[in-house]
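# Analysis of the macromolecular model
Here's the letter readout for the chains.
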Amino acid sequence: MGAPGVKAVFFDLDNTLVDTAAAGRRAIEEVVPLRVMSALQSKHHYGEEEARVICDKVQAKLLKECHDPAKMCITDLRISHWEEAIQETIGGEANRNLAAECYFLWKTTRLQHLTLAEDTRGMLTELRKGLRLLLLTNGDKQTQREKIEACACQPYFDAIVVGGEQKEEKPAPSIFHYCCDLLGVQPAECVMVGDSLDTDIQGGLNAGLKATVWLNKAMTTPVDASPVPHYIISSVLDLPAVLQKMEHKVNAQLGTDHMAGNNE
């Protein structure tokens, strides 16, 4: 399956192919409060309410996180999130050991919940019969490689590119052009699919790709200043229909051009 002129599709990973946000929430909701509560009750005589506050604070810190790998590794940064949240909630001295234990428990549990859904695997398998597929994800190289390994998505792609391993990440055109070179295709033969207007869609536009497809699960309205994707879908499973629409559009144009040529 593939639209005329389309030879490759680039997919984002987080919250596009796998629901990373939901996995992170489940990790906090299911496991971490029990560990935090246990420690707080035994050492500080605090309980469930404080544990929940700590977890909420960590969630907020993750959402606002800005990571510069040149200054700090992602592990140290995220342990610091837990350390700060614990200290902000219960006061006293910083507890690095408890923070590290909570972080690694959260991380392990999140990875366990990262799965590539069966219907998504089926879609990728079908698409790959006629197209080259590439996974293009921003982020810390260790963290992203662990996610890729956890959801076992490697067999479905011709290449995998992690932003943290490159000189520039999305939305820089260079990383998209690097992906094109890997697959031996031109930007005008590629489609980018992702959930981020700022990185996936803007990046695809910057690089001159044939089309950008925005995964907008909530079907929210972007702000006026946002980049404008060529197509919008509410589920990644809608992508084959978009590719068919592109094919029909091209065929219709070819038909019009052919008729015009005959009339001349």
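Heads up: the structure comes first, above all this text.
Let me begin by describing the structure that accompanies this report. (Residues numbered from 1 in each chain as written. Predicted model: local features only at pLDDT ≥ 70, side-chain atom pairs only at ≥ 80, totals over all residues. Heavy atoms only, no water.)

### Side note on the layout of surface pockets
- When its volume is computed, the largest pocket comes out at roughly 1,200 Å³.
- Lining the largest pocket are 37 residues, and of these D14, L62, E65, R78 and K147 lie nearest its centre.
- When residues of the lining of the largest pocket are traced back to their parent elements, those giving at least two are α1 (20-30), α3 (48-63), α4 (74-90), α5 (96-113), α7 (141-151) and α9 (197-206).
- Across the lining of the largest pocket, the residue classes break down as seven nonpolar, 15 polar and 15 charged.
- Mapping the lining of the largest pocket onto the domain boundaries places at least three of its residues in each of domain 1 (8-18 + 116-261) and domain 2 (20-113).
- What lines the second largest pocket is a set of 17 residues, and nearest its centre among them are L17, V18, D19, T115 and K217.
- Among the elements that take part in the lining of the second largest pocket, α1 stands out by supplying three residues, more than any other.
- In terms of residue class, the lining of the second largest pocket is built from eight nonpolar, six polar and three charged. (1 Å grid on protein atoms, 1.4 Å probe; cavity = no way out; pocket = protein on both sides within 12 Å on 5 of 7 lines; lining within 4 Å. Points joined across faces, edges and corners; volume = space filled by probe spheres on them. Helix = DSSP H or I, 4+ residues; strand = E, 2+ residues; numbered from the N terminus. Nonpolar A, V, L, I, M, F, W, Y, C, P; charged D, E, K, R; others polar. Domains from an automatic or database assignment.)

### Examining the sheet that holds strand β3 (residues 159-162)
- The strand order β3-β2-β1-β4-β5-β6 describes an open sheet built from six strands, whose pairing is parallel. In this open sheet, the two edge strands, each paired with only one partner strand, are β3 and β6 (231-233). Taking each pair of neighbouring strands and ignoring which way they run, the sheet shows an average axis angle of 20°.
- Here strand β2 (residues 132-137) runs beside β3; their pairing, made up of four bridges, is parallel. Counterpart to L134 in the pairing with β3 is A159.
- Packed onto the sheet, α7 meets β2 and β3 and runs at close to 145° relative to β3.
- Each of β1 (8-11), β2, β3 and β4 (190-194) is contacted by helix α8 (residues 173-183), which is oriented at about 150° to β2, the strand it contacts most. (Pairing = 2+ DSSP bridges. Axes fitted to C-alpha atoms, helices over the stretch in contact; angles between N-to-C directions. Contact = heavy atoms within 4.5 Å.)

### Considerations on α4
- The end-to-end C-alpha distance of α4, which contains 17 residues, comes to 25 Å, matching closely the 24 Å that a straight helix rising 1.5 Å per residue would cover.
- When you tally the buried positions in α4, you get 12 out of 17 residues, the bulk of the element.
- All buried positions along α4 are accounted for by I74, T75, L77, R78, I79, S80, H81, W82, E83, A85, I86 and I90.
- Once α4 finishes, G91 follows within two positions and takes phi at roughly 75°, a positive value. (Expected span 1.5 Å × (residues − 1). Buried < 20%, exposed > 50% of the residue type's maximum accessible area, 1.4 Å probe, protein only.)

Don't take any of this as a statement about function, it's just geometry.
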